[in-house]
Amino acid sequence: MAGRGRLVPCACLGLFGVLCWVWVSFASFPDDQHPLEALDALERGAFQPQSALLGMEFASIGPYRGPGNKDRRNNKELPILLWWSGGLFPHFPGDSERIDCATSSCLVTSNRKVQLYKRTASIIFYGTDFRAYEAPLPRLRHQTWALFHEESPMNNYILSHGPGIRLFNYTATFRRESDYPLTLQWLPSLDYLLEPVVVSLEEKNRLRREGLGPVLYMQSHCDVPSDRNRYVQELMKYIQVDSYGKCLNNKPLPAHLEDTATATGEEANFMNFVARYKFHLALENGLCPDYMTEKLWRPLHQGCVPVYRGSAVVADWMPNDHSAIIVDNFPSPKALGEFLKHLDENDGEYAKYIEFKNPSRITNPRLLEALETREWGVNDMSKPNYLNGFECYVCDQENARLSAERAFRKAPKKNQQPQSKMANNSHMGCPLPSPGYGNVKDLPADDGWLQIWPQDYWQSLDQAEGLESLIRQNESDPSLLWKHIQNIAVSRARGKH
Ligand SMILES: *[C@@H]1O[C@H](CO)[C@@H](O)[C@H](O)[C@H]1NC(C)=O
Ligand SMILES: *[C@@H]1O[C@H](CO)[C@@H](O)[C@H](O)[C@H]1NC(C)=O
Ligand SMILES: *[C@@H]1O[C@H](CO)[C@@H](O)[C@H](O)[C@H]1NC(C)=O
């Protein structure tokens, strides 16, 4: 999804005429912020196994009927699911389609004219594009909201606050606790991990003697909530880090790599270039439990050792307990630097990190089971993609809810009212961004990171609370958001909130 960081209408809060806020939404900064520059093109194309969203040919999905689906209703009787986010409708061509899922069928559409229809059972949102000031209002009691958000937490911090995530009844996020988890979305398969080491340790040592650094850093998006540069800058004092991207650049990218702007998939020249390094700094742009991307899986695939920061519980998904180096296990960049040096000088110790390439060494039952049981595929046309998978999950859930409600209305004594279902912070809940190194109290007031991310996080909370208030008061105009936020601030100032 393209960069959409924007200045939203300035909301001046005249609290006694003194306080004035300028509202800047940084809500949507994917990692590839400057699409025209070569390195970013690499980031988008060559660096990433394609996600189902980027590369999927939706036209190629033939009619499919789940094995348990005996739904013979005609289209006019089916519940409707409305995709609210303009850019995302996983069907082609046209703006409406019948879907026949595992146990039931629905009509799906991106046509907003059905928003207030009685038959419209659920509205599906794409997290990165979700804006409180564009929400479908009034929110009707019979309609559920479903959230699809596989991207970075930094793209929309509204979803990381209780009042934001609780607006949704169903979720598909990177967190294992979400209803339709996408945790391993960047890991195509077990075979991808078991691929033989690309550059042998002998060859890596030879390259080291020629002056290649032990550690690779390649990043072009520098101002991110995880503040990774600040950490790397400190680490560079203790170990040689070769940095080719825009961030902390200290080496030119070879000309033959700059030329891959149109490449897709994992471009071979690039892959061979990075595979020569013993260690890859694998630092996510945002920190959140279970947020793991290709930055982590690619070095494992190539037989390089990821030095990782992102999900604090990343160890839960590693091939074994000795395959990644976790930054947060070290008290300081100095301690990490010294440890990497030690491994660099001890082949036997380094080799232990690659032992998982032997199939019997992938011992993590959680990883094995998740790959075995997930119903969607990555780059695998024989399996549904997770976008259509989630749509079907919502369809089946809604049909089950509707029939339980009908049964209850018919015979309230014999049947239970269906339980309501709501997401909570365990479905997203990413923490307040903190500096990549050091203490927030010690940062100068004009520090670039400080001026962006903590504010973005708290302003997102204001938006979430504002939207909650709009819904509670049955407003139909979402642009009243700013007024509701102001009212909340005023009543808070008066000690009433
Ligand atoms: C959906 O979530 C809302 C809260 O955001 C809740 O009020 C409503 O009862 C839920 N609906 C169902 C059907 O669970
Ligand atoms: C949050 O949601 C999860 C899973 O949907 C559920 O198991 C858990 O009980 C919920 N937690 C709270 C505090 O409601
Ligand atoms: C909420 O607003 C809608 C349309 O503006 C109206 O049809 C509906 O009756 C209202 N509901 C309540 C509970 O006030």
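Residues numbered from 1 in each chain as written. Chains lettered and ligands numbered in written order. Predicted model: local features only at pLDDT ≥ 70, side-chain atom pairs only at ≥ 80, totals over all residues.

An unreviewed UniProt entry annotates the protein chain as GDP-fucose protein O-fucosyltransferase of Zoarces viviparus. In its Function (unreviewed entry) section, the UniProt entry covering the protein chain states "Protein O-fucosyltransferase that specifically catalyzes O-fucosylation of serine or threonine residues in EMI domains of target proteins. Attaches fucose through an O-glycosidic linkage. O-fucosylation of EMI domain-containing proteins may be required for facilitating protein folding and secretion." Within the UniProt record for the protein chain, the comment given under Sequence similarities (unreviewed entry) is "Belongs to the glycosyltransferase 10 family." (UniProt positions renumbered as here; feature names shortened; annotations may be inferred.)

**Examining the packing of helix 14 (residues 448-472) against helix 15 (residues 481-493)**
Packed helices, taken two at a time, are described by the angle between their axes plus the distance between the axes. With their axes 8 Å apart at the nearest point, helix 14 and helix 15 run at an angle of 105° to one another. By the angle between their directions, the pair helix 14 and helix 15 is classed as roughly perpendicular. In this structure, helix 14 uses D462, Q463, E465, G466, L467, S469 and L470 to contact helix 15, whose residues at the interface are L481, H484, I485 and I488. (Axes fitted to C-alpha atoms, helices over the stretch in contact; angles between N-to-C directions. Helix = DSSP H or I, 4+ residues; strand = E, 2+ residues; numbered from the N terminus. Parallel < 35°, antiparallel > 145°, perpendicular 65-115°, else oblique. Contact = placed C-beta atoms within 7 Å.)

**Some remarks on the nonpolar core**
Within soluble globular proteins, side chains that are nonpolar generally end up buried alongside one another. Ranked by internal contacts, the top residues of the largest apolar core, which has 99 residues, are L81, I124, F125, A146, F148 and L281. When residues of this core are sorted by domain, at least three fall in each of domain 1 (21-183 + 382-493) and domain 2 (190-371). I124 has contacts with L81, L82, W83, W84, A146, F148, E391 and V394, leaving out every residue within four places of it along the chain. (Core = buried A, V, L, I, M, F, W, Y, C linked by C-beta atoms within 7 Å. Buried ≥ 20, exposed ≤ 12 C-beta atoms within 10 Å, placed from the backbone. Domains from an automatic or database assignment.)

**A closer look at the site of ligand 1**
The environment of ligand 1 is formed by T144, R166, L167, N169, R401, S420, K421 and M422. Of the residues belonging to the shell around ligand 1, the class tally is two nonpolar, three polar and three charged. (Near = placed C-beta within 6 Å. Nonpolar A, V, L, I, M, F, W, Y, C, P; charged D, E, K, R; others polar.)

**Regarding the environment of R276**
Among the structural elements, R276 can be located in the loop between helix 8 (268-274) and strand 9 (279-283). When the C-alpha atoms of R276 and C304 are compared, they prove to be 8.1 Å apart, with 28 residues separating the residues in sequence. Setting aside residues no more than four positions away along its own chain, R276 makes contact with V199, K204, L207 and L212.

**Thoughts on the confidence of the model for the protein chain**
Model confidence for the protein chain is summarised by a mean pLDDT of 87, while 85% of its residues fall at 70 or above. Note on residues 1-62: pLDDT is under 50 here. Beyond four places in sequence and across chains, it has 97 contacts. (pLDDT = per-residue confidence, 0-100.)

**Quick word on the pairing of strand 4 (residues 120-126)**
Summarising burial for strand 4: six of the seven residues are buried, a large majority. Sheet analysis places strand 1 (residues 80-83) next to strand 4, joined by four bridges and oriented parallel. When the sheet's bridge partners are listed, L82 is paired in strand 4 with I123. Across five bridges, strand 4 lies against strand 5 (residues 144-149) in parallel orientation. Bridging across to strand 5, Y126 finds its partner in F148. (Pairing = 2+ DSSP bridges.)

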